[in-house]
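# Structural characterization, general
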Amino acid sequence: MAKNPYICTFNFENSMQINEHYTEIGNNYLFAEVGKRVREYRAAHPEKEVISLGIGDITRPIAPAVIEAIHKATDEMTDAKTLRGYAPDAGYEFLIDAIHRHEFLNRGIPVRASEIIVSDGAKSDTGNIGDILGADNQVAITDPAYPVYVDTNLMAGRKIELLPCTPENGFVPPFPKKKADIVYLCYPNNPTGTVLTKAQLKPWVDYALANGSLLLFDAAYEAFIADGDVPHSIFEIEGAKECAIEFRSFSKTAGFTGLRCGYTIVPEELKARTSKGAEVSLNALWKRRQSTKFNGTAYIIQRGAEAVFTPEGQRQTRETIAYYMQNAKIIKDALEQVGLECYGGQNAPYIWSRTADGMSSWEFFDLLLNKIQVVGTPGSGFGASGEGFFRFTAFGNRESTVSAVERIKTLFG
Ligand SMILES: *Cc1c(COP(=O)(O)O)cnc(C)c1O
């Protein structure tokens, strides 16, 4: 066969090399497989109405106050006098000040404005933070978990110890067997919907301080907290400013999953040493990383995020969160009524249910899809400790949530 001159192949004997760690991570199997099974079912049963309690995305409209601010900011782009180009790397001062005042100063949490670094979301930040951390660090990650933590550390070639979180330990992660240099914690938790109280989080801050470890605290669901003894920020815990970085997002708080805005808090107290013994500030390193690889979040979106903190923005976004949390209560009450053991749903939009009759997560998925056309997310997709569990989300609309739980009650009642 004649060689196609337009296709250039590498000479594998002596060519560039890929990051082979990328071949060691699994495929993005979970949601692809859920989608495939639902599509196949729909094709075979076009007359059946399938309801999803599986998605981790918003379904309610974005707050009018946010939309209004976005429109106004868009109009500013039509005039050379108000036009904005590149945004400051760490975010506009108006947004940093609004975050600082509402989230930290007003709550008496000791975070400085200079420690808040605005971004396009918590997924990027939790994934990119590894850029400033050495490849030889030993990492500990709770199991089950948001897949970004495990996958990005595998991509970097770091060694990982998983910390099983199950009903047996009350979803309080055990300390690592091997001393961890970096620990990922996510509370309120995705996927289990469980939380740590201040008293349960404090030992992790003490562990980090005693071992010279860094805590990476994902607080994406902070706005869903209802209980008074659950910290909204790890910086409510004494000593955390010397050992923790916190990730926040407008995605679940204010429906920004498609708009993209988040922020990371890197305390100025956070110091590390180079191998030669020089002291380095992690705040400076992260800002350096961002200014090199990231050109800022859109002005229009930052104006939208700022509007979340206006009185109307607060009222409207709280209303939406209350709506989702009412869904969570409807789901949780129904599962409990039919005797399914379940967790979460009180301070987070997720309900983590044990499967019926000792089924595997995927057996339970197929049962719900085939028998009552309800879709959820198999717990095993979030890690080995999720096997035998199932995640329901409260992000649906009320009518479909109510129909789904009616079907669950009929099947198991
Ligand atoms: C949804 C979610 C985020 C937010 O990601 P964005 O990139 O800000 O949309 C972060 N962490 C967890 C655990 C999440 O579930």
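Residues numbered from 1 in each chain as written. Predicted model: local features only at pLDDT ≥ 70, side-chain atom pairs only at ≥ 80, totals over all residues. Heavy atoms only, no water.

### Digging into the nonpolar core
Within the largest apolar cluster, 94 residues are counted, with the highest numbers of intra-cluster contacts made by L95, I99, L215, I234, F250, F256 and F392. At eight residues, the largest contribution of residues to this core is made by helix α10 (residues 311-337). Looking at which domains feed residues into this core, each of domain 1 (25-61 + 312-412) and domain 2 (64-310) gives three or more. Excluding anything up to four places from it in sequence, F256 contacts V66, F250, S251, C261, I301, G304, A305 and V308. By size, the runner-up hydrophobic cluster in this structure holds 21 residues, among which are I117, L133, V148 and L282. (Core = buried A, V, L, I, M, F, W, Y, C linked by side-chain atoms within 4.5 Å. Buried < 20%, exposed > 50% of the residue type's maximum accessible area, 1.4 Å probe, protein only. Helix = DSSP H or I, 4+ residues; strand = E, 2+ residues; numbered from the N terminus. Domains from an automatic or database assignment. Contact = heavy atoms within 4.5 Å.)

### With respect to the sheet that holds strand β12 (residues 350-354)
Strand pairing in a sheet relies on backbone hydrogen bonds, with the paired strands running either antiparallel or parallel. On the basis of which strands lie adjacent, the open sheet formed by four strands has the order β11-β12-β15-β14 and antiparallel pairing. Each having just a single partner strand, β11 (342-344) and β14 (377-378) make up the two edges of the open sheet. Sheet topology note: the β11/β12 ladder contains three bridges and is antiparallel. For Y343, the partnering residue across the bridge sits in β12 and is W352. Sheet contacts for helix α11 (residues 361-372): β14 and β15 (389-393); angle to β15, the most-contacted strand, approximately 50°. (Pairing = 2+ DSSP bridges. Axes fitted to C-alpha atoms, helices over the stretch in contact; angles between N-to-C directions.)

### Observations regarding the site of the ligand
Near the ligand you find 14 residues, and of these Y221, S249, S251, K252 and R260 are the closest. Contact between the ligand and N190: an oxygen atom at 2.8 Å from a side-chain N or O atom of the residue. Residue Y221 places a side-chain N or O atom 2.6 Å away from an oxygen atom belonging to the ligand. Taking 390 Å² as the accessible area of the ligand by itself, protein coverage stands at 94%. Secondary-structure elements contributing two or more residues to the shell around the ligand are α4 (122-128) and α7 (251-254). (Near = heavy atom within 4 Å. Polar contact = N/O pair within 3.5 Å; in protein donor to acceptor, adjacent residues only side chain to side chain. Areas by Shrake-Rupley, 256 points an atom, 1.4 Å probe, with all protein chains shown as cover.)

### So, the domain arrangement of the protein
Taken domain by domain, the protein consists of domain 1 (25-61 + 312-412) and domain 2 (64-310). Computed over C-alpha atoms, the centres of domain 1 and domain 2 are 26 Å apart. The interface is formed by 31 residues belonging to domain 1 together with 37 residues belonging to domain 2. At the boundary of domain 1 with domain 2, total buried surface from both sides reaches about 2,700 Å², with 61% on carbon and sulfur atoms. Across the domain 1-domain 2 interface, the total number found is one salt bridge. Between E168 and R354 there is a salt bridge, and its shortest N-O distance comes to 3.6 Å. (Buried area = accessible area lost by both parts, 1.4 Å probe. Salt bridge = Lys/Arg side-chain N within 4 Å of Asp/Glu carboxyl O.)

### Thoughts on the environment of H45
The topology assignment puts H45 in the loop between α1 (29-44) and β1 (51-52). On a C-alpha basis, the gap between H45 and E399 in space is 22 Å, while along the polypeptide they are 354 residues apart.

### Comments concerning the packing of α1 against α11
The geometry of α1 relative to α11 is characterised by a closest axis approach of 11 Å and an angle of 30° between their N-to-C directions. Here α11 runs roughly parallel to α1, going by the angle between their axes. Relative to α11, α1 is oriented so that their crossing is right-handed. On the side of α1, the interface is formed by Y29, L30, E33, V34, R37, V38 and Y41, while α11 contributes W362, F365, D366, L369 and N370. Residues that form the contact of α1 with α11 fall into these classes: eight nonpolar, one polar and three charged. (Parallel < 35°, antiparallel > 145°, perpendicular 65-115°, else oblique. Left-handed = near helix turned anticlockwise from the far one by under 90°. Nonpolar A, V, L, I, M, F, W, Y, C, P; charged D, E, K, R; others polar.)

### Considering the environment of E238
Mapped onto the elements, E238 comes out in the loop between β6 (214-218) and β7 (244-249). E238 sits in the exposed class, given a relative accessible area of 69%. In this structure E238 touches K202 and V205, once residues within four positions along its chain are discounted.

### Some words on helix α3 (residues 93-105)
A rise of 1.5 Å per residue sets the reference length of α3, with its 13 residues, at 18 Å; its end C-alpha atoms lie only 16 Å apart and thus fall more than 12% short of the reference. Along α3, the positions that sit buried rather than exposed are F94, L95, I96, A98, I99, H100, E103 and F104. (Expected span 1.5 Å × (residues − 1).)

### Examining the pairing of strand β4 (residues 159-164)
Sheet topology places strand β3 (residues 138-143) next to β4; six bridges connect them, and they run parallel. Among the inter-strand pairings, I141 is bridged to a residue of β4, identified as L162.

### Side note on unusual backbone geometry
D143 connects to P144 through a cis peptide bond whose omega is 5°. Going from N190 to P191, the amide bond is cis rather than trans, its omega being 15°. Inspection of the secondary structure puts P191 in the loop between β5 (182-186) and α6 (198-211). Positive phi outside glycine occurs at F171, with the angle close to 60°. By the secondary structure assignment, F171 is in the loop between β4 and β5. Its relative accessible area of 3% is what places F171 among the buried residues. Here R260, not a glycine, exhibits a phi torsion of approximately 75°, which is positive. You can see R260 is positioned in the loop between α7 and β8 (262-265).

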